[in-house]
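Take a look at the letters that make up each chain.
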Amino acid sequence: GGESYRELMERMLRGIDEIREKCDGLTVAVASHNGAIKGLFRAMIQKGICENFDTEFLPNASISVFDYDGKHADFIVIGYNGHLTETDSESRVV
């Protein structure tokens, strides 16, 4: 067997923590598959790092923007996809 979803969530959270530590104070772009991003956001919600939101909402190839200090994440944009087509845009600006 491969990695469980719980393992994926924990791996993504460890990865974002590692990036934050290495790039402290910098603006960083991270790209990944939709399932992995959803796993990261679900792990953040479960750990109380961010407010709860519907992660199923996240469209493929979407952009989410958040500030993360290692303890709390403030989301600025969740699931923006207006760069794909004007009629596909379903993003939420927080």
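Our subject is the structure listed above.
Now for a quick tour of the structure. The model shown is predicted, which means the values in this text are computed figures rather than measured ones.

Quick look at helix α2 (residues 34-46) now. End to end, α2 covers 18 Å across 13 residues, agreeing with the expected 18 Å (1.5 Å per residue, within 8%). Here α2 lies mainly inside the structure; 10 of its 13 residues are buried. Of all the residues in α2, the buried ones are Asn34, Ala36, Ile37, Lys38, Gly39, Leu40, Phe41, Ala43, Met44 and Ile45. Tucked inside the fold, the buried residues of α2 contact α1 (5-22), β1 (63-68) and β2 (73-80). The positive-phi residue at the C-terminal boundary of α2 is Gly48, with phi of around 75 degrees.

Let us look at the side chain of Asn34. The topology assignment puts Asn34 in helix α2. At a separation of 3.1 Å, a polar atom in the side chain of Asn34 contacts the main-chain carbonyl oxygen of Leu58. A distance of 3.1 Å separates the side chain of Asn34 from the backbone oxygen of Pro59, its partner in a polar contact. If near-sequence neighbours (up to four positions away) are discounted, Asn34 is found in contact with Leu58, Pro59 and Asn60.

It is worth spelling out the packing of aromatic side chains at this point. Considering all chains together, one arrives at five aromatic pairs under this definition. Geometrically, the ring pair formed by Phe41 and Phe53 is edge-to-face, given 5.9 Å between the ring centres and 65 degrees between the ring planes. With Phe41 in helix α2 and Phe53 in the loop between α2 and β1, this pair connects stretches of sequence that are 12 residues apart. Comparing Phe41 with Phe53, the two get one shared label, buried. Look at Phe41 and Phe75: their rings are 5.0 Å apart centre to centre, the planes differ by 90 degrees, and that puts the pair in the edge-to-face class. Of the two residues, Phe41 is situated in helix α2 and Phe75 in strand β2; the sequence distance between them amounts to 34 residues. Using a relative accessible area of 2% as the deciding quantity, one classes Phe41 as buried. Clustering of aromatic rings is evident, with ring pairs tying together Phe41, Phe53, Phe66 and Phe75.

With that out of the way, let us pick up the nonpolar core. Grouped together as the largest cluster of nonpolar side chains are 20 residues, with contacts concentrated most on Leu13, Phe41 and Met44. Put simply, the parts of the chain that give this core at least two residues each are α1, α2 and β2. The element contributing the most residues to this core is α2, with seven residues. Sequence-distant contacts of Met44, that is, excluding residues within four places in its chain, are made with Leu13, Ile49, Cys50, Phe66, Tyr68 and Ala73.

Another aspect to go through is a nonpolar patch on the surface. Residues Ile63, Val65, Ile76 and Tyr80 make up a contiguous nonpolar surface patch of roughly 290 Å² in combined accessible area. Contributions of two or more residues to the nonpolar patch are made by β1 and β2. Position of Tyr80 relative to the elements: it lies in strand β2.

What counts, and where the lines are drawn
Residues numbered from 1 in each chain as written. Predicted model: local features only at pLDDT ≥ 70, side-chain atom pairs only at ≥ 80, totals over all residues. Heavy atoms only, no water. Helix = DSSP H or I, 4+ residues; strand = E, 2+ residues; numbered from the N terminus. Expected span 1.5 Å × (residues − 1). Buried < 20%, exposed > 50% of the residue type's maximum accessible area, 1.4 Å probe, protein only. Contact = heavy atoms within 4.5 Å. Polar contact = N/O pair within 3.5 Å; in protein donor to acceptor, adjacent residues only side chain to side chain. Phe/Tyr/Trp six-rings, centres within 6.5 Å; stacked < 30°, edge-to-face > 60°. Core = buried A, V, L, I, M, F, W, Y, C linked by side-chain atoms within 4.5 Å. Patch = residues over 30% accessible without salt bridge, like charges linked within 9 Å, V, L, I, M, F, W, Y side chains within 5 Å. Areas by Shrake-Rupley, 256 points an atom, 1.4 Å probe, with all protein chains shown as cover. Salt bridge = Lys/Arg side-chain N within 4 Å of Asp/Glu carboxyl O.

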